[in-house]
Amino acid sequence: RGSQVHGQLKTKIWPLVEAIYGFYSSQSKSAIKKNQTLAEELKEETNFAFKEDKCCRFLKAPLIQKITNTMWFANKHDDGMVHPEHFKPFPYPALALVLAGVS
């Protein structure tokens, strides 16, 4: 089940990451280089997990909430809707999975 969830998460994350951070879907060498540079900048000191400035903004990036909603709360059959008791408070392992999926 864990690897299945990880695979589903990666599939759902990519379009969000691409749109929010401005990655290019092109296979040209220049697009690949730009994507690589952008990914390195976002991964440096986990910049992707911060909203705008770093002061007191850890885990406030809109991407994290969008991924969480898409993965566990998008429709009435998703785990977060079927088993809300497992998501109050939001579990640290699920948060770690989201952060690992983005990075």
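Everything in this summary refers to the structure shown in the same document. Just so we're clear, the structure is a prediction, and the values are computed from it rather than from any experiment.

Glancing now at the overall build of the protein. Tallying secondary structure elements over the protein gives 5 helices and 0 strands in all. Beginning at the N terminus, the succession of helices and strands in the protein can be written as α-α-α-α-α. Residue pairs at least 24 apart in sequence account for 46% of intrachain contacts in the protein once pairs closer than 6 positions are excluded. Approximately 7,100 Å² of the protein is accessible, and the part contributed by carbon and sulfur atoms is 57%.

One can find Q65 in helix 3 (residues 62-72). Counting along the chain gives 33 residues from Q65 to V98, while the straight-line C-alpha distance between them is 9.6 Å.

Now for the nonpolar core. Among the nonpolar cores identified, the biggest contains 22 residues, and V17, Y21, L63, I67 and W72 are the most heavily contacted of them. Mapped onto this core, the elements with two or more residues apiece are helix 1 (2-21), helix 2 (29-43), helix 3 and helix 5 (92-102). If sequence neighbours within four positions are ignored, L63 has contacts with L16, V17, I20, Y21 and V102.

Calculation criteria
Residues numbered from 1 in each chain as written. Predicted model: local features only at pLDDT ≥ 70, side-chain atom pairs only at ≥ 80, totals over all residues. Heavy atoms only, no water. Helix = DSSP H or I, 4+ residues; strand = E, 2+ residues; numbered from the N terminus. Contact = heavy atoms within 4.5 Å. Areas by Shrake-Rupley, 256 points an atom, 1.4 Å probe, with all protein chains shown as cover. Core = buried A, V, L, I, M, F, W, Y, C linked by side-chain atoms within 4.5 Å. Buried < 20%, exposed > 50% of the residue type's maximum accessible area, 1.4 Å probe, protein only.

By themselves, these figures tell us nothing about what the structure is for.
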